[in-house]
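Structure assessment
Given next are the chains, with one letter for each unit.
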Amino acid sequence: MRSARMPNSASDTEALAASKQRPWWPWARRALTAFFFAGIAWLLYSQARNMDWTQVGESLTRYTVSQLVVAMLLAASSYTLYASFDLIGRRYTRHLLSHRAVLSTAMVSYAFNLNFGALVGGVGFRYRLYSRLGLRTAVITRVLGMSMLGNWIGYTVLLGLVFVSGAFEIGHQARLGKEALRVFGSLLLMAAPAYLALCLVSRRREWIVKGIPIDLPNWRLAALQLAFSVANWLVIASIPYLLLDGAVNYSTVLAALLLAAIAGVITHVPAGLGVVEAVFLTVLKGQVDEAPLLAALLAYRAVYYLLPLTLAGVIYVSMEARLRGGARA
């Protein structure tokens, strides 16, 4: 019979004490998530019930080969930009894996992350492949941390700009809602400069968070993180914008994408299935017909989620076969 795990560090003891002080919080968090998910499910049901699926199919058939090829090239560019975070992690940790191995691992992880969630893709596949390639767990953890930070640091900049500029509207753009968004956007815009300044001038370069050492990168690596992240989110937004054929301005599509990304994180739905569609339908309501919008989202899923997942599966199987062959040799 397995014994209960006892707290074996100061951080475990503090976490246990905090959970006892706030026993309501886990239940409240689950309730909020369930409420949010139920709202999205109802929105999708109400939209799907009234949707003319014949028009959706006709909208899909109108895409030209050149449009789809450009969309796939944009998707490939995005995957390359995201994989570059692991190259920054390579420089940050000074491990010696080849650039090819790093890019392959990062792209496979990203594809599975998008379709099956962060624990399976972003975490599970990285630890699986990197450990088989010879990296220690501590090094993998630091590479993963740099990738996650790089992905979201540019997100804060773009979402802050969207809110401050007024590209995203709430209701009839009530004054209180408009000002609140601008204040929140201003706070988001402070995150990236604060991070860069910390990397540039901080004398303390290492912190211990829950037993994991975290080193500040130099400011050049931090600036690369920010540049790649901003570029990546802009490229991703270009795909649904292209598939909507310019029916909606780019800043609105970017706003919808950024909101859909955080909604997917909150709900923990694999691939943001239904969440992305619900957010886009809400944000773009009245600006574009629902049938071509849903067709664009379906094409976006095929180009950015399903096709890369198929390629990632092939790459993963080949990597596993090569690693097993090397182990036998």
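Throughout, a residue's number is its position along its own chain's written sequence, starting from 1. Confidence filtering applies because this is a predicted model: local features only for residues at pLDDT of at least 70, side-chain atom pairs given and counted only at 80 or more, and all residues used for totals across whole chains, interfaces and linings. Hydrogens are left out, water is left out, and the side-chain values use all remaining heavy atoms of the structure.

**Quick look at the overall build of the protein**
Looking only at helices and strands, the protein has 12 helices and two strands in total. In this text, helices come from DSSP runs of H or I with a minimum length of four residues, and strands from runs of E with a minimum of two, each type numbered from the N-terminal end. The helix and strand sequence of the protein, counted from the amino end, reads α-α-α-α-α-α-α-α-β-β-α-α-α-α. The long-range share in the protein, meaning contacts at least 24 apart out of those at least 6 apart in sequence, stands at 70%. In what follows, a contact means two residues having at least one pair of non-hydrogen atoms within 4.5 Å.

**Describing the side chain of Ser147**
Along the chain, Ser147 turns up in helix 7 (residues 137-165). With residues near it in sequence (within four places) discarded, Ser147 still touches Tyr82, Phe85, Asp86 and Arg126.

**With respect to the nonpolar core**
Membership of the largest hydrophobic core comes to 67 residues, with the highest contact counts inside it found for Phe280 and Tyr304. Of all the elements, helix 12 (residues 290-328) adds the most residues to this core, at 16 residues. As used in this record, nonpolar core signifies buried Ala, Val, Leu, Ile, Met, Phe, Trp, Tyr and Cys residues forming a set joined through side-chain atoms within 4.5 Å. Each residue's exposure class comes from its accessible area (1.4 Å probe, protein chains only) as a fraction of the maximum for that residue type: buried when under 20%, exposed when over 50%, partly exposed otherwise. Core analysis: the next-biggest nonpolar cluster, separate from the first, contains eight residues, Ile153, Val157, Tyr195 and Leu216 among them.

**Points about the packing of aromatic side chains**
Pairs were defined over the aromatic rings of Phe, Tyr and Trp, the Trp ring being its six-membered one, requiring ring centres within 6.5 Å. Orientation was assigned from the angle between planes: stacked under 30 degrees, edge-to-face over 60, tilted for the rest. Counting across every chain of the model gives 16 aromatic pairs. Taken together, the aromatic side chains of Tyr79, Tyr82, Phe85, Tyr110, Tyr300, Tyr304 and Tyr305 make up a single cluster linked through ring pairs. Counted as over-ring charges are cases with an Arg CZ or a Lys NZ within 6 Å of the ring centre that also lie within 35 degrees of the ring normal. For Arg142, the ring lying beneath its charged end belongs to Tyr92, and the centroid distance is 4.9 Å. In this structure, Arg301 packs its charged tip against the face of Tyr305, placed 4.9 Å from the ring centre.

**Things to note about the pattern of salt bridges**
Only one rule defines a salt bridge in this text: a Lys or Arg side-chain nitrogen within 4 Å of an Asp or Glu carboxyl oxygen. In this structure the tally under the stated criterion is six salt bridges. Taking the shortest distance from any N to any O, the salt bridge between Asp86 and Arg126 comes out at 2.9 Å. With a gap of 40 residues between them, Asp86 in helix 4 (residues 65-93) and Arg126 in helix 6 (residues 119-132) connect regions that are remote in the sequence. One salt bridge in this structure joins Arg182 and Glu179, with 3.8 Å as the shortest N-O distance. One end of the pair is Arg182 and the other is Glu179, both in helix 8 (residues 175-201) and three residues apart, which spans about a single turn. Via salt bridges that share partners, Arg128, Arg132 and Glu320 belong to a single interconnected network.

**Concerning the side chain of Asn232**
Mapped onto the fold, Asn232 is located in helix 9 (residues 219-243). Overall, Asn232 belongs to the buried group, its relative accessible area being 0%. Asn232 has contacts with Ser78, Leu81, Tyr82, Tyr110, Asn151 and Tyr304, leaving out every residue within four places of it along the chain.

**Let's talk about a nonpolar patch on the surface**
A contiguous nonpolar patch, built from Val65, Leu68, Val69, Met72, Leu73, Leu307 and Leu311 and spanning about 610 Å² of accessible area, is present on the exposed surface. Those elements that place two or more of their residues in the nonpolar patch are helix 4 and helix 12. For the nonpolar patch, the element with the highest residue contribution is helix 4, accounting for five residues. Residue position: Val69 is located in helix 4. Note on patches: the residues involved have over 30% relative accessible area and no salt bridge, like charges join within 9 Å, and the nonpolar side chains Val, Leu, Ile, Met, Phe, Trp and Tyr join within 5 Å. Computed with a 1.4 Å probe, the accessible areas rest on the Shrake-Rupley method; for each residue, only the protein chains presented here act as cover.

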